[in-house]
Amino acid sequence: MDDIKYMMLALEEAKNAFDENEVPVGAVLVDENGRVIAKAHNRRECDKNAILHAELMTINEGCKALGGWRLHKCTLYVTLEPCPMCAGAIVNSRIKRVVYGAKDPKAGCFGSVLNLNSYPFNHKPEIISGVCEKQSLELMEKFFNRLREKRNEKNN
């Protein structure tokens, strides 16, 4: 599978989030034949809902598209290392592989804060990190710099 090709699609989703003033995280679900099953970006701020992370929305749409909850023949591409909630959904949906861009030192659960795969769960996805990491980090930095600028403008 062409990990860079699909990560670029996830980055497009992250840019959509950025344009909507959301934390720029994008995700794409791809089946074993390279077909894009679902894609989404964060919508937590726009929809005022804590669970509307890119990964969860992509998993939800993937289950609908494939007609079941087992995504064991799929790879999830995501621009940021999944948080505890998303990592749990990945394990529970049996996703085969997770390919992510940037590590998340504050909430990442596939190696940064903790590694969910080190626990005795009944499913352990293959984890590939650092794909398009630079682009993922640059978009995050741009977003948080813009957020700080807006905050500073309000305070002045």
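What counts as what
Residues numbered from 1 in each chain as written. Predicted model: local features only at pLDDT ≥ 70, side-chain atom pairs only at ≥ 80, totals over all residues. Heavy atoms only, no water. Buried < 20%, exposed > 50% of the residue type's maximum accessible area, 1.4 Å probe, protein only. Helix = DSSP H or I, 4+ residues; strand = E, 2+ residues; numbered from the N terminus. Pairing = 2+ DSSP bridges. Axes fitted to C-alpha atoms, helices over the stretch in contact; angles between N-to-C directions. Parallel < 35°, antiparallel > 145°, perpendicular 65-115°, else oblique. Contact = heavy atoms within 4.5 Å. Nonpolar A, V, L, I, M, F, W, Y, C, P; charged D, E, K, R; others polar. Core = buried A, V, L, I, M, F, W, Y, C linked by side-chain atoms within 4.5 Å. Phe/Tyr/Trp six-rings, centres within 6.5 Å; stacked < 30°, edge-to-face > 60°. Salt bridge = Lys/Arg side-chain N within 4 Å of Asp/Glu carboxyl O.

*Asks:* I'm lost on the pairing of strand S3 (residues 74-80) in this one. Help?
*Replies:* Successive residues of a regular strand alternate their side chains across the two faces of the sheet. Counting buried positions along S3 gives seven out of seven residues, so the element sits mostly inside the fold. As paired elements, strand S1 (residues 26-31) and S3 share five bridges and run antiparallel to each other. Across the sheet, Val28 pairs through a bridge with Tyr77, a residue of S3. Bridging between S3 and strand S4 (residues 97-102) involves five bridges; their strand directions are parallel.

*Asks:* Where do I start with the packing of helix H1 (residues 3-19) against helix H5 (residues 133-155) in this structure?
*Replies:* When two helices pack together, their arrangement is given by the angle between their axes and by how far apart the axes lie. Interhelical geometry of H1 versus H5 gives an angle of 5° and a closest axis separation of 11 Å. By the angle class used here, H1 and H5 are roughly parallel. Of the residues in H5, those touching H1 at Met8, Leu11, Ala14, Lys15 and Phe18 are Gln135, Ser136, Leu139, Lys142, Phe143 and Arg146. Of the residues belonging to the contact of H1 with H5, the class tally is six nonpolar, two polar and three charged.

*Asks:* Would you take a moment to explain the nonpolar core for this structure?
*Replies:* Where a protein is soluble and globular, its nonpolar side chains tend to be buried together. In this structure, Val25, Leu29, Ile59, Leu71, Ile90 and Ile95 are the most contacted members of the largest nonpolar core, which totals 33 residues. Elements represented by at least two residues in this core include exactly H1, S1, strand S2 (36-41), helix H3 (54-66), S3, helix H4 (84-92), S4 and H5. By residue number, the principal contributor to this core is H4, which donates five residues. Contacts of Leu71, omitting those with residues within four sequence positions, involve Leu29, Ile59, Gly62, Cys63, Leu66, Ser93, Arg94, Ile95 and Lys96. Core analysis: the second largest hydrophobic core is formed by 10 residues, Leu11, Val28, Val30 and Tyr77 among them.

*Asks:* What is the right way to read unusual backbone geometry from this model?
*Replies:* Negative phi characterises most residues that are not glycine, and trans characterises most peptide bonds. At Arg94, a position not held by glycine, the phi torsion is positive, near 65°. Mapped onto the secondary structure, Arg94 falls in the loop between H4 and S4. The exposure class of Arg94 is partly exposed, given its relative accessible area of 21%. For Cys132, which is not a glycine, the phi torsion comes out positive at approximately 60°. If you trace the backbone, Cys132 turns up in the loop between strand S5 (126-129) and H5. Cys132 gets classed as buried once you look at its relative accessible area, which sits at 10%.

*Asks:* Looking at this structure, how should I read the pairing of S2?
*Replies:* Summarising the sheet, S1 and S2 pair through five bridges and their orientation is antiparallel. Bridging from a neighbouring strand, Val30 pairs with Val36 of S2. Hairpin connection of S1 to S2: four residues between the antiparallel strands, including Gly34 at a positive phi of 85°.

*Asks:* Help me out: how do you make sense of the packing of aromatic side chains in this one?
*Replies:* For any pair of aromatic rings, geometry is given as the distance between the ring centres together with the angle between the planes. Within this structure, the stated rule accounts for four aromatic pairs. Residues Tyr119 and Phe121 carry aromatic rings whose centres are separated by 6.4 Å and whose planes lie at 55° to one another, so their mutual orientation is tilted. Take Tyr119: its relative accessible area is 41%, and that puts it in the partly exposed class. Ring centres of Phe143 and Phe144 lie 5.0 Å apart, and the angle between their planes is 85°; on these two criteria the pair is classed as edge-to-face. When its relative accessible area of 32% is taken as the criterion, Phe144 is described as partly exposed. Each residue in the set Phe18, Phe143 and Phe144 is aromatic and connected to the rest through ring pairs, giving one cluster.

*Asks:* Please clarify how the pattern of salt bridges should be interpreted in this entry.
*Replies:* If the charged atoms of two oppositely charged side chains come close together, the side chains can form a pair. Tallying each qualifying case throughout the model produces seven salt bridges. The closest approach of N and O atoms between Glu61 and Lys64, which form a salt bridge, is 3.5 Å. Linking Glu61 with Lys64, this pair stays in helix H3, spanning three residues, or about one helical turn. Under the relative-accessibility criterion, Glu61 is labelled partly exposed at 38%. For the salt bridge of Glu126 with Arg97, the shortest nitrogen-to-oxygen distance reads 3.6 Å. Residue Glu126 is located in strand S5, and its partner Arg97 is located in strand S4; the two are separated by 29 residues in the primary sequence. The structure contains a network of salt bridges with shared partners spanning Asp3, Arg97 and Glu126.

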